[in-house]
Amino acid sequence: MLTNTTCLVIAGSLFGTICVSFGLNGIVRPQHALTFFEFDYPSTASEQALVNRLMVVYGARDIFMGIAVYSTTYYSNRKALGWILLALSGVAFVDGFVCYSNGHGHWNHWGYAPIVGLVGSIFIHYYPRLDLSRKLFVSTIAKRALWCIDRAVVKFGAAFPRRPSVMICSTKVAKKMLFVLVLLVLPLVVSGFEVNPIEIDGRQFVDSVTKKRVCLLEQIIIVRYLLLTGESFLLGALRVYTVNPDLNHDECMTMLAAAGIYLILDVNSPRVGESLNRYEPWTSYTPEYLEHILKVVHQFSGYNNTLGFFAGNEVINDDRSASNSPNYLKAVIRDIKTYIRYNSPRTIPVGYSAADDLRYRISLSKYLECGDDLSTVDFYGVNSYQWCGKQTFASSGYDVLVNDYKDYSLPLFFSEFGCNAVTPRLFQEIEALFSNPMTTVFSGGLVYEFSQEPNNYGLVEMDPNGNVYLMADFETLAKQYKAVSNNQAPPTKKVSRPKQCLDFYDNINTRNPLPDTFASSFIAKGIRSPQGQYVNVTSRETTHKIYGTDEKEITNKKLTSPSFNWSRKPSTPKQSSEKPKLDNREHDPKPQPQPGEQISDDQSEIHEHADNNSAAISFCSLVSFVLIALTTLSFIR
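All of these numbers come straight from a predicted model, not from anything done at the bench.

Caption draft 1: Region of interest: the packing of helix α10 (residues 287-300) against helix α12 (residues 326-343). Between α10 and α12, the shortest axis-to-axis distance is 10 Å and the interhelical angle comes to 45°. Considered as vectors, α10 and α12 are oriented oblique to each other. As α10 packs across α12, the resulting crossing turns out to be right-handed. Residues Y289, L290, I293, L294, V297 and H298 of α10 pack against V332, D335, I336, Y339 and I340 of α12.

In structure tokens:
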């Protein structure tokens, strides 16, 4: 009969295992379990504690359902098993309905509810007694357990083979996302690179683990490549000018991290209300604007390969903007850095990208460098297009640049470069950029830009179908990068950052005080939006075609599974004792206590939840042990 088949025995056992697994996951990892409902995890400690307790109830429910399925399967009660499976399908339907009322996530539950119900109906309506062999049941469970252990070993412990691959990362970031750098690997060897967050040490970028200096265009931007054939290379970072923080970027950021690629992200957007009005900034510095930029910061602070944020790009580029915008620009920097201090798992640098205008470039860098830590930039980018065609270090004015910034206390780099006044572009400035005179002050730069646009700065052309065609500039750039791949950037001398600002800076108005912030509530409560995290990407090959400059299609386009910890989470949130300097328009966020201070109620709830979790895990382990012991004794008898 149909119900005597091994298939249905395995199905019944499998449903029990799934229930128990989901239940344990809900108790041990409540935040992860909440993703199956696609609900936002709360940001405050008290709300998190409440949700965590509710997830214990959810987990216990699933565990007991799984035990019921196991019991009826083991003791050969066919009809009881059928009715329990029908009830299980009803639970799945209700879970899906709850998600449906929230607008999304329902198919995570409705997708399998009919399958469980169908299997249950088969068990109920086929009358001959189902011979559920205990040996078959125990054997099935044992095999499933061994399979799960084997998969876990493969996923977390096995070394993956090094194989050539290529990655084109496609994300749903905006209607049109412009890349500053080439995110193109022509065959790439993925060597199991584990991304470490980048931090600031004086006037240089350093790897947070190795503490070695890295230069944008060297270890971060360009030198993380492995040559296989021809001039193929991997770019180690990119700048993205705009993203949609309401979309999910986990898969793209995971693939970038697996390939060793970092991201420098502009928080502003060209859409209305999502950037500062440089001429009348008081009209655009609003709660809605701050919510947008902080949502970008919140989401991308979850990725270790987020190198930094640009608080602005060429906001000050003429006399009117230089008169009205400097204090508002500094206020945006203050708001972002304060939010990061109290809501980010780690410190992420915040900087500014300056226009190629000598009237404001130097004085603005000095103004953004001075003052208290929260209102100063962590790095300063210069958009430089002064090296055009065949130049030298002196004729291009690079020697003047180095002299102008020789005493600057923060990391400097070219946030854009690649003059196209003379074509084809030669990119000879790359050799100068990595010469000792330059690297004593600057830390590399970002080439402008990835895709070909009407302004003719592109390195590749893209057709309407998303297919990519490499241009001659791409090959030229690759040769220049290869020539400097072995260059070493010497350590920079440390310069003290000015704690006090001057009364006057050339060509910019710095007399106006910083405006009061509208971000106090966001900082205190956190943005109610999911924080980014690495995921296990199943699809690692682009469907678009890539053609070399010889017009031949590049077929090796798959990103293989490297020895990369796909589930890696950023470091534990840091503690800060300094209260943010905010206005009293809304309540200030609570700083973390120092040793000897009384712990807050929210933190008490967190510690209490940790104790509850430990108790719940111990209870589940005890129940599992008892069930295994009883099953074994019954089988022996």
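Caption draft 2: Representation of the sheet that holds strand β5 (residues 213-214) within the structure. What the three strands build is an open sheet, ordered β3-β4-β5; its pairing is antiparallel. Here the strands that pair on one side only, and so sit at the sheet edges, are β3 (198-201) and β5. Across two bridges, strand β4 (residues 204-207) lies against β5 in antiparallel orientation. Bridge pairing in β5 links V206 to R213.

Caption draft 3: Region of the structure containing the sheet that holds strand β7 (residues 262-266). If you walk across this open sheet you meet the seven strands as β6-β7-β8-β9-β10-β11-β12, and the pairing is parallel. The sheet is open, and its two edges are formed by β6 (237-240) and β12 (442-447), each paired on a single side. The mean angle between the axes of side-by-side strands here comes to 25°, regardless of whether they run parallel or antiparallel.

Caption draft 4: View of the nonpolar core. One finds F300, I336, Y352, L368, Y380, Y405 and F414 to be the most contacted residues of the largest nonpolar core, which totals 97 residues. It is α12 that contributes the most residues to this core, nine residues altogether. For L368, the residues in contact, after removing those within four places along its chain, are L329, K330, I333, Y352, S375, T376, V377 and Y380. Counting ten residues, the second largest nonpolar core, distinct from the first, contains M65, L81, V119 and F123.

Caption draft 5: A look at the pairing of strand β9 (residues 350-354). β9 sits mainly inside the fold: five of its five residues count as buried. Both faces of β9 are covered, namely the face carrying V350, Y352 and A354 and the face carrying G351 and S353. The sheet contact formed by strand β8 (residues 306-313) and β9 spans three bridges and is parallel. Residue N313 lies in a different strand from β9, and its bridge partner there is S353. Both β9 and strand β10 (residues 379-384) contribute to a ladder of four bridges, which runs parallel.

Caption draft 6: Layout of the environment of Y469. Mapped onto the elements, Y469 comes out in strand β14 (residues 468-470). When the C-alpha positions of Y469 and K545 are compared, they lie 8.5 Å apart, and in sequence the two are 76 residues distant. Apart from residues no more than four positions distant in its own chain, Y469 is found in contact with V460, E461, D463 and Y547. Within the local environment of Y469, its side chain forms a polar contact with the side chain of D463, the two groups lying 3.3 Å apart.

Caption draft 7: Spatial organisation of the UniProt feature "transmembrane region" (unreviewed entry) in the protein. The UniProt record annotates "transmembrane region" (unreviewed entry) at residues 7-28, 48-70, 82-103, 109-127, 177-195 and 615-636. As a span, residues 82-103 carries 95% helix and 0% strand, and end to end its C-alpha atoms are 31 Å apart.

Caption draft 8: Region of the structure containing the pattern of salt bridges. Counted by the stated rule, this structure contains 16 salt bridges. The residue D266 makes a salt bridge to R239 at a minimum N-O spacing of 2.8 Å. Highlighted residues: D266 in strand β7 and R239 in strand β6, separated in sequence by 27 residues. The pair D266 / R239 is uniform in exposure class, with both members buried. With a shortest N-O distance of 2.8 Å, D356 and R361 are connected by a salt bridge.

Caption draft 9: Region of interest: the packing of aromatic side chains. Considering all chains together, one arrives at 26 aromatic pairs under this definition. Both rings, one in Y285 and one in F518, keep their centres 5.9 Å apart while their planes meet at 50°; by these two values the pair is tilted. Taken together, the positions of Y285 in the loop between α9 (281-284) and α10 and F518 in the loop between α17 (472-483) and α18 (520-525) put the pair 233 residues apart, joining distant regions of the chain. A relative accessible area of 3% means that Y285 is categorised as buried.

Caption draft 10: Representation of unusual backbone geometry within the structure. Residues T423 and P424 are joined by a peptide bond in cis, for which omega reads -5°. Along the chain, P424 turns up in the loop between β11 (412-417) and α15 (429-433). Going from Y448 to E449, the amide bond is cis rather than trans, its omega being 0°. Among the secondary structure elements, E449 is positioned in the loop between β12 and β13 (460-462). One non-glycine residue, F427, adopts positive backbone phi at about 55°. With respect to the helices, strands and loops of the structure, F427 is situated in the loop between β11 and α15. F427 sits in the buried class, given a relative accessible area of 2%. Despite not being glycine, E551 shows a phi value in the positive range, around 70°. Here E551 lies in the loop between β15 (546-547) and β16 (553-554).

Caption draft 11: Up close: the environment of L85. Turning to its location among the elements, L85 is positioned in helix α4 (residues 78-102). The class of L85 is buried, set by a relative accessible area of 0%. Sequence separation between L85 and G66 is 19 residues; the distance between their C-alpha atoms is 9.9 Å. For L85, the residues in contact, after removing those within four places along its chain, are F15, V69, V116, V119, G120 and F123.

Caption draft 12: Expanded view of helix α13 (residues 361-369). Counting buried residues in α13 gives seven out of nine residues, a clear majority hidden from the surface. Buried residues of α13: R361, S363, L364, S365, Y367, L368 and E369, and no others.

Caption draft 13: Structural context of a nonpolar patch on the surface. A surface patch of nonpolar side chains, amounting to about 500 Å² of accessible area, comprises F93, V94, F97, V98 and Y100. Turning to its location among the elements, Y100 is positioned in helix α4. A relative accessible area of 48% means that Y100 is categorised as partly exposed.

Procedures and definitions
Residues numbered from 1 in each chain as written. Predicted model: local features only at pLDDT ≥ 70, side-chain atom pairs only at ≥ 80, totals over all residues. Heavy atoms only, no water. Axes fitted to C-alpha atoms, helices over the stretch in contact; angles between N-to-C directions. Helix = DSSP H or I, 4+ residues; strand = E, 2+ residues; numbered from the N terminus. Parallel < 35°, antiparallel > 145°, perpendicular 65-115°, else oblique. Left-handed = near helix turned anticlockwise from the far one by under 90°. Contact = heavy atoms within 4.5 Å. Pairing = 2+ DSSP bridges. Core = buried A, V, L, I, M, F, W, Y, C linked by side-chain atoms within 4.5 Å. Buried < 20%, exposed > 50% of the residue type's maximum accessible area, 1.4 Å probe, protein only. Polar contact = N/O pair within 3.5 Å; in protein donor to acceptor, adjacent residues only side chain to side chain. UniProt positions renumbered as here; feature names shortened; annotations may be inferred. Salt bridge = Lys/Arg side-chain N within 4 Å of Asp/Glu carboxyl O. Phe/Tyr/Trp six-rings, centres within 6.5 Å; stacked < 30°, edge-to-face > 60°. Patch = residues over 30% accessible without salt bridge, like charges linked within 9 Å, V, L, I, M, F, W, Y side chains within 5 Å. Areas by Shrake-Rupley, 256 points an atom, 1.4 Å probe, with all protein chains shown as cover.

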